[in-house]
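# Chains, contacts and geometry: an overview
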Amino acid sequence: MRCMAKKYPSGLKVAQWALGFGLLALASGSAGAQTTLPASAISNGDNAWMLVSAALVLMMSGPGLALFYGGLVRKKNILGTMMQTFAMMAVVTVLWAVVTYSLAFGVGSGHFAAFIGGFHNMFLKGVPLTPIFEYAPTIPGQTFMVYQLMFAIITPALITGAFAERMKFSAMLAFMVLWAIFVYSPMAHMVWGIGGLLNASTSTTFGSLAGKFPCLDFAGGTVVHVTSGVSALVTALYLGKRLGYPQKPMPPHSVVLSFVGACLLWVGWFGFNAGSALSAGSLATSAFVNTHFGAAAAAIGWAGAEWIRNKKVSALGAISGAVAGLVAITPASGFVTPMGALWIGLLAGVFCYLMVVKVKNVFGYDDSLDAFGVHGAGGTIGAILTGLFAHSGINAIFGPGKATGFFEGNHGQVVNQLIGVAIAWAISIVGTLIILFVVDKLIGLRVSEDDEREGLDLTQHGEEGYDWENA
């Protein structure tokens, strides 16, 4: 798991400060509150790595995801599709500063503390330039905050792939704001927040960190990919199919753009996963290696399945497989060995290929850009496989000498992973349906048939991505 993923603070000085503040917290009866360390606890190396990682994750949204999704739609919708991702970069940032960071990583109260944070960090009040021990003891609290923001940006942006080419821009904004508050924030708190229901931390100094069902999620398999992927499927079903689908062919207008976007996603994912170690140590190295291996194996798995079925490998299939592998290795990246990463990637590549090519066709839903087939399915299988392959030699999250995953002897961890996945599915389905219903009744979700035929670029933004007449 990302918060407290580096199990022990580095350096004698940090350990001394932690012990002192831990004893003070216990003595004052405030063991569940966030504890701020002095500026002297900051590691400049860790902070530099985390700032770079934050930039890498932002690059995954724009230009990475914007290009990847933009190339997959028809040319009349490229700007509308890219604007949806860009809008998340602006809107979610402001929302994060005002309230959602506090809901995700603040300390909750009473019985609700296991499900949602509090309001005391609204407007970033109490988010310091010194470390917050419970989350990251060697970087400023604001570095941790802005790094987490980049995850909050890309998660709702992933959903846009399912309703591409048919949702109003105004409705998209309203839906995403509500989704970030009522779906993303509680899920992030449950997995990574202090006292979260699914938090896997086992700090002995701050006993309030651990949850009832410790679910291993190093960088967002459940929080990011399952929630966005399942919500994407729900949204696609609620909106209905695009005009002419599936009778009318709707191929990508530029696989070249998607290819560039996928490569940017692959590079940016090192910040996504390796940055989740929250330090520049060996755990970051492990997550970095596993991320690369998982993506490569999945690209081969998808391409191999495609070769068997079609006797050829498409560029779109190869890059889709790589993204599926990146999704699946995300929860496992800081817990498994490189060989485990290869297995997870290979299995995810084949599984997601079958979801996109077989399952989607059987049920006939119009998940425009396969957000569910890649992120929902990939995140689900990745979270479950994490429980199988996790190894204490990589991350002894449950303490020295204690097994981490199923193959190491901790057979019950798979149950916890299934519980985490089930909760992510449940909150995504219920929350998304309610939000869609409310927004639909208030302002309407879908563009008119005439606007859909003309394209989102002109009807929603008054401009075109390609002006061939004046080129």
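Residues numbered from 1 in each chain as written. Predicted model: local features only at pLDDT ≥ 70, side-chain atom pairs only at ≥ 80, totals over all residues. Heavy atoms only, no water.

Here the focus is the overall build of the protein chain. In terms of regular secondary structure, the protein chain is built from 14 helices and zero strands. Its C-alpha radius of gyration of 22 Å places the protein chain within 12% of the 23 Å reference for a compact globule of 471 residues. Summarising its shape, the C-alpha atoms of the protein chain cover approximately 70 × 45 × 40 Å along the three principal directions. Split into buried and exposed, the 471 residues of the protein chain put 58% on the buried side. In the protein chain, once contacts between residues fewer than 6 apart in sequence are set aside, the share between residues at least 24 apart is 78%. Of the roughly 17400 Å² of accessible surface on the protein chain, a fraction of 71% belongs to carbon and sulfur atoms. The protein chain carries 23 positive and 20 negative side-chain charges, and their two centres are separated by 9 Å. (Helix = DSSP H or I, 4+ residues; strand = E, 2+ residues; numbered from the N terminus. Rg over C-alpha atoms; globule rule 2.2 N^0.38 Å. Buried < 20%, exposed > 50% of the residue type's maximum accessible area, 1.4 Å probe, protein only. Contact = heavy atoms within 4.5 Å. Areas by Shrake-Rupley, 256 points an atom, 1.4 Å probe, with all protein chains shown as cover. Lys, Arg positive; Asp, Glu negative; His and termini not counted. Charge placed at Lys NZ, Arg CZ, Asp CG, Glu CD.)

What follows covers the nonpolar core. Grouped burial of nonpolar side chains is what soluble globular proteins tend to show. Core analysis: the largest hydrophobic core is formed by 122 residues, its most contacted members being Trp 96, Tyr 184, Met 187 and Phe 272. Counting residues per element, this core draws most heavily on helix α5 (residues 169-192), at 13 residues. With residues near it in sequence (within four places) discarded, Met 187 still touches Leu 198, Thr 222, Val 223, Thr 227, Gly 420, Ile 423, Ala 424 and Ile 427. Leu 95, Val 99, Leu 103 and Ala 180 belong to the second largest nonpolar core, which has five residues in total. (Core = buried A, V, L, I, M, F, W, Y, C linked by side-chain atoms within 4.5 Å.)

Counting all residues, the mean pLDDT for the protein chain is 92, and 91% of those residues have values of 70 or more. Predicted confidence for residues 203-208 stays below pLDDT 50, and this span has 15 contacts to residues more than four positions away or in other chains. (pLDDT = per-residue confidence, 0-100.)

For the structure on display, the rule yields eight salt bridges. Across the pair Arg 242 and Glu 165 runs a salt bridge whose closest N-O atoms are separated by 2.7 Å. Here Glu 165 lies in the loop between α4 (141-159) and α5 and Arg 242 lies in the loop between α6 (221-239) and α7 (255-273), a separation of 77 residues in the sequence. Relative accessible area serves as the criterion here: at 7%, Arg 242 is assigned to the buried category. Given a relative accessible area of 1%, Glu 165 falls into the buried group. Between Asp 370 and Lys 360 there is a salt bridge; the shortest N-O distance is 2.9 Å. Highlighted residues: Asp 370 in the loop between α10 (338-363) and α11 (371-389) and Lys 360 in helix α10, separated in sequence by 10 residues. (Salt bridge = Lys/Arg side-chain N within 4 Å of Asp/Glu carboxyl O.)

This paragraph deals with the layout of surface pockets. In this structure, the largest pocket spans a volume of roughly 720 Å³. If you trace the largest pocket, you find 29 residues lining it, with Leu 316, Val 356, Lys 360, Ser 368 and Asp 370 closest to the centre. At five residues, the largest contribution of residues to the lining of the largest pocket is made by α10. (1 Å grid on protein atoms, 1.4 Å probe; cavity = no way out; pocket = protein on both sides within 12 Å on 5 of 7 lines; lining within 4 Å. Points joined across faces, edges and corners; volume = space filled by probe spheres on them.)

With that settled, the discussion passes to unusual backbone geometry. Omega for the peptide link from Gly 62 to Pro 63 comes to 15°, which places this bond in the cis form. Inspection of the secondary structure puts Pro 63 in helix α2 (residues 44-72). With an omega of 0°, the peptide bond running from Tyr 245 to Pro 246 counts as cis. Here Pro 246 shows up in the loop between α6 and α7. Phi is positive for Phe 123, close to 60°, though the residue is something other than glycine. One can find Phe 123 in the loop between α3 (78-105) and α4. Residue classification places Phe 123 among the exposed positions, given a relative accessible area of 61%. With phi around 60°, Leu 124 is a residue other than glycine that occupies positive phi space. Mapped onto the secondary structure, Leu 124 falls in the loop between α3 and α4.

Bringing the packing of helix α9 (residues 315-329) against α10 into the picture now. Where α9 contacts α10, the two axes come as close as 8 Å, and the packing angle between them is 125°. With respect to their mutual orientation, α9 and α10 come out oblique. With respect to the hand of their crossing, α9 and α10 are arranged in right-handed fashion. In contact with Ala 324, Ala 328 and Ile 329 of α9, α10 contributes Ala 341, Ile 344, Ala 348 and Cys 352. Here the contact of α9 with α10 is built from residues that sort into seven nonpolar, no polar and no charged. (Axes fitted to C-alpha atoms, helices over the stretch in contact; angles between N-to-C directions. Parallel < 35°, antiparallel > 145°, perpendicular 65-115°, else oblique. Left-handed = near helix turned anticlockwise from the far one by under 90°. Nonpolar A, V, L, I, M, F, W, Y, C, P; charged D, E, K, R; others polar.)

Its place among the elements puts Thr 81 in helix α3. When residues no more than four places from it in sequence are discounted, the contact partners of Thr 81 are Tyr 69, Gly 70 and Val 73.

This part takes up the side chain of His 375. On the secondary structure map, His 375 appears in helix α11. Overall, His 375 belongs to the buried group, its relative accessible area being 4%. His 375 has contacts with Tyr 69, Leu 158, His 225, Val 226, Ser 228, Gly 229, Val 323, Val 327, Asp 370 and Thr 380, leaving out every residue within four places of it along the chain.

Across all of its chains, the model carries 19 aromatic pairs by this definition. With centroids separated by 5.4 Å and ring planes inclined at 50°, the aromatic side chains of Trp 269 and Phe 272 adopt a geometry described as tilted. You can see Trp 269 and its partner Phe 272 sitting in helix α7, three residues apart, about one turn around the helix. For Phe 272, a relative accessible area of 1% puts it in the buried group. Geometrically, the ring pair formed by Phe 406 and Phe 407 is edge-to-face, given 5.7 Å between the ring centres and 75° between the ring planes. Exposure remark for Phe 406: the relative accessible area of 31% places this residue in the partly exposed category. (Phe/Tyr/Trp six-rings, centres within 6.5 Å; stacked < 30°, edge-to-face > 60°.)

For the rest of this paragraph, the subject is the state of the cysteines. The final tally for this structure, using the stated rule, is zero disulfides. Looking at the unpaired Cys 352, the closest cysteine sulfur is the one in Cys 215, lying at 18 Å. (Disulfide = S-S within 2.5 Å.)

For the rest of this paragraph, the subject is the environment of Leu 58. In this structure, Leu 58 sits in helix α2. Residue class for Leu 58 comes out partly exposed when judged on its relative accessible area of 27%. Sequence separation between Leu 58 and Asn 395 is 337 residues, and the spatial gap between their C-alpha atoms is 26 Å. Leaving out residues up to four positions away in the same chain, Leu 58 has contacts with Met 89, Met 150 and Ile 153.

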